[in-house]
Amino acid sequence: MVQTRLVMKFGGTSVADMERIRRVARLVAAEVARGHQVAVVVSAMAGKTNEMVAWTDAGGRAAAGLPESDDEYDVVVASGEQVTAGLLAIVLRNMGLAARSWLGWQIPILTDDAHGKARIEDIPPDALIAAMDRGEIAVIAGFQGRTPEGRITTLGRGGSDTSAVAIAAAVQAVRCDIYTDVDGVYTTDPRIESRARRLARISYEEMLEMASLGAKVLQTRSVELAMSQRVPVRVLSSFIEPGDASDDTGTIVCDEEEIMEKRIVSGVAFSRDEAKVTLFGLPDTPGVSSKIFSCLAEANVNVDMIVQSKARTADHANMAFTVGRRDAQRALELMRAAQAEIGFEDVEVDADVAKVSVVGVGMRSHAGVAQSMFKALAEKGVNIQVISTSEIKISVLIDAAYTELAVRALHAAYGLDQL
Ligand code: ADP
Ligand code: ASP
Ligand code: MG
């Protein structure tokens, strides 16, 4: 680890207009003044990526039955980050600092060719390190990379977090600071529960679960990468005053051993991006599940929760599983097409569902966590449709209309409310 190298990442709200970009430049200048060699990773201005995604749809991509993401989709949506990287470099230069912008292909950030959700495979660090050693601030366009063949790729929505952590690992930075519109990682989304508390520290494992269960404050892949490459990550607000950040600012994502305060449950996450598919009257014979799930896997439809139960008719079962909401229609079509072969009686899709989860490493050693969850939901009259558990999380699928009620009830039930 090189003590002086620091990666700072700024999300869309933090670079939403010129005034905010100037504010970002002052935060960067303060870290340079503290003796850091800085690489800055920027997102597109807030709303720009959404706008470009909509343009690609309007261009007929979806209507033409093209895959959700293709290589030209990436050419379009990667462009938002080029603008902010260039603008920030200009502002830094105007402040008398040495700075230059870097696009993904110029570093290069090498990825596989899974357009729209590419994974970083390698970042040769030499050019960036040489620039930083010269005292130049490297302003990097987040979210983008290139394939070995030289085509532009993007890393999936929220992917600038992953760009930042990957750069931090590549240049062996002392830390990766993720500046955003909240001042840290909270016990739950502070937009839903005003009593949510900022966590001073959270373990990589818990953060990974929180992110993958819907807490979009960090992209899941960025946490995976931070955990495997042992990059210390800090989440903090971009609205602090330059020079004000201290050791107590924000949330540190780190190893479990570095956390003194032991909690059973650290946070509550939720996702409305779910749909439930139910198959009624399935033959209760070996090989049926295999047929259903290979059919979905071949079409690249990810399945999350699964439950099977006996039906009233002898030798028949019912099965319900969940998929991402945008895959629901596709899953329904696939099931209908395979109805004769699988041999079920009926299929139904419900997109008005949400997944609410509680996460905490303390669950490994404490009994009764699930019981408290079910009790808290029952007291609010929330019906549980599907349950799934892992070592450090419990998730339930509920009617989407009860999402906020359930999140708040669980937040209180595990004593997470601010006193
Ligand atoms: P950026 O544009 O900076 O990448 P995002 O919108 O991707 O910011 O992520 C920040 C948002 O994540 C916050 O505004 C907040 O609403 C949401 N969020 C969800 N869960 C949490 C949580 N547990 N802690 C903090 N923020 C959360
Ligand atoms: N601009 C991209 C998005 O909106 C990447 C990011 O912000 O992290 O998904
Ligand atoms: Mg984000």
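All residue numbers refer to position in the chain's written sequence, counted from 1. Ligands are numbered from 1 and chains lettered from A, in the order in which they are written. Residues qualify for local features only when their pLDDT is at least 70, as the model is predicted, and side-chain atom pairs are given and counted only at 80 or more; totals for whole chains, interfaces and linings, by contrast, use all residues. Side-chain metrics in this entry use all non-hydrogen atoms of the structure; hydrogen atoms and water are not considered.

## Describing the nonpolar core
The nonpolar side chains of a soluble globular protein tend to be buried, and buried together. To keep it simple, the criterion reads: In this text, buried Ala, Val, Leu, Ile, Met, Phe, Trp, Tyr and Cys residues form a nonpolar core when linked through side-chain atoms within 4.5 Å. The buried label applies to any residue whose accessible area, calculated with a 1.4 Å probe on protein chains only, is under 20% of its type's maximum; exposed applies above 50%, and partly exposed to all values in between. Segments assigned H or I by DSSP are reported as helices when at least four residues long, segments assigned E as strands when at least two residues long, and all are numbered from the N terminus. Should any heavy atoms of two residues lie within 4.5 Å, those residues are considered in contact.
Ranked by internal contacts, the top residues of the largest apolar core, which has 46 residues, are V7, I140, I167, C176 and M207. Of all the secondary structure elements, the ones that give two or more residues to this core are β2 (37-42), α5 (126-133), β6 (137-141), α6 (160-170), β9 (173-180), α7 (204-212), α8 (220-229) and β11 (233-237). In terms of residue count, the dominant contributor to this core is α6 (six residues). Filtering out sequence-adjacent residues up to four positions away, V7 remains in contact with A39, V41, A164, I167, A168, V171, A173, R175, C176 and D177. In this structure, V24, L88, V174 and Y179 belong to the second largest nonpolar core, which totals 28 residues.

## Examining the pairing of β2
The condition is simple: When DSSP finds at least two bridges between two strands, those strands are taken to pair.
Counting buried residues along β2, six of its six residues qualify, which places the element largely inside the surrounding structure. Neither face of β2 is open: one carries Q37, A39 and V41, the other V38, V40 and V42, and all of them are buried. Looking at chain direction, β2 and β6 are connected through four bridges and run parallel. Each residue of the ladder has a partner; that of V42, found in β6, is A141.

## What to know about the environment of L97
Within the secondary structure, L97 sits in the loop between α4 (79-94) and β3 (99-102). Classification of L97 as partly exposed rests on a relative accessible area of 22%. Separated by 16 residues in the primary sequence, L97 and E81 have C-alpha atoms spaced 21 Å apart. In this structure L97 touches A29, V32, L92 and I137, once residues within four positions along its chain are discounted.

## Describing the pattern of salt bridges
Which entries qualify depends on this criterion: By definition, a salt bridge exists where a carboxyl oxygen of Asp or Glu is found within 4 Å of a side-chain nitrogen of Lys or Arg.
For the coordinates displayed, the defined rule picks out 26 salt bridges. D71 is the salt-bridge partner of R151, the closest N and O atoms lying 3.3 Å from each other. Taken together, the positions of R151 in the loop between β7 (144-146) and β8 (152-154) and D71 in helix α3 (residues 71-77) put the pair 80 residues apart, joining distant regions of the chain. Given the relative accessible area of 32%, R151 is considered partly exposed. With its nearest N and O atoms 3.6 Å apart, the salt bridge here joins K375 to E379. Of this pair, K375 and E379 both sit in helix α12 (residues 369-379), four residues apart, which is roughly one turn of the helix. For K375, a relative accessible area of 47% gives the class partly exposed. Residues joined by salt bridges that share partners form a network here, namely E205, E256, R364 and E391.

## Details of the site of ligand 2
This is how the line gets drawn: Distances are taken per atom, and a residue is near a molecule or strand as soon as one of its heavy atoms is within 4 Å of it. In protein, a polar contact means a hydrogen-donor-capable atom and an acceptor-capable atom, both N or O and within 3.5 Å, with residues adjacent in sequence counting only if both atoms are side-chain atoms; elsewhere, any N or O pair within 3.5 Å suffices. Surface exposure here means Shrake-Rupley accessible area, sampled with a 1.4 Å probe, where a residue is shielded only by the protein chains that are shown. Three residue categories are used. Nonpolar comprises Ala, Val, Leu, Ile, Met, Phe, Trp, Tyr, Cys and Pro, charged comprises Asp, Glu, Lys and Arg, and polar comprises the others, including Gly.
Residues in close proximity to ligand 2 include S43, A44, T49, E81, F143, R157, G158, G159 and S160, which together make up its full environment. In the environment of ligand 2, a nitrogen atom lies 2.7 Å from a nitrogen or oxygen atom belonging to the side chain of E81. Burial of ligand 2 by the protein chains amounts to 87% of its free accessible area of 260 Å². Considered class by class, the residues forming the shell around ligand 2 number two nonpolar, five polar and two charged.

## Considering the packing of helix α9 (residues 288-298) against helix α10 (residues 328-337)
Cut-off, in case you're wondering: Orientation is described by axes fitted as lines to C-alpha atoms, over the contacting stretch for helices, and by angles from 0 to 180 degrees between their N-to-C directions. An angle below 35 degrees is read as roughly parallel, one above 145 as roughly antiparallel, one from 65 to 115 as roughly perpendicular, and any other as oblique. Handedness of a helix crossing follows the sense of rotation of the near helix relative to the far helix, less than a right angle counterclockwise being left-handed and clockwise being right-handed.
Running from N to C, α9 and α10 cross one another at 130 degrees; their axes reach a closest spacing of 10 Å. Between α9 and α10, the angle is such that the two are oblique. Here α9 and α10 pass one another in a crossing that is right-handed. On α10, the residues touching I292, C295 and L296 of α9 are A331, L334 and M335. Of the residues belonging to the contact of α9 with α10, the class tally is six nonpolar, no polar and no charged.

## Quick word on the sheet that holds strand β15 (residues 316-324)
Here six strands make up an open sheet; going across it, the order is β14-β15-β13-β16-β18-β17 and the pairing antiparallel. With one partner strand each, in any of the chains shown, β14 (303-310) and β17 (386-390) form the two edges of the open sheet. Sheet twist, expressed as the average angle between the axes of neighbouring strands with direction ignored, equals 25 degrees. Across six bridges, β14 lies against β15 in antiparallel orientation. Considered in β15, the bridge of K310 is made with A317. In the packing of α9 onto the sheet, the strands contacted are β13 (267-283), β14 and β15, and the crossing angle to β15 comes to about 20 degrees. Contacts between helix α13 (residues 403-413) and the sheet are confined to β13, β16 (346-359) and β18 (393-399), with β13 contributing the most and set at about 120 degrees to the helix.

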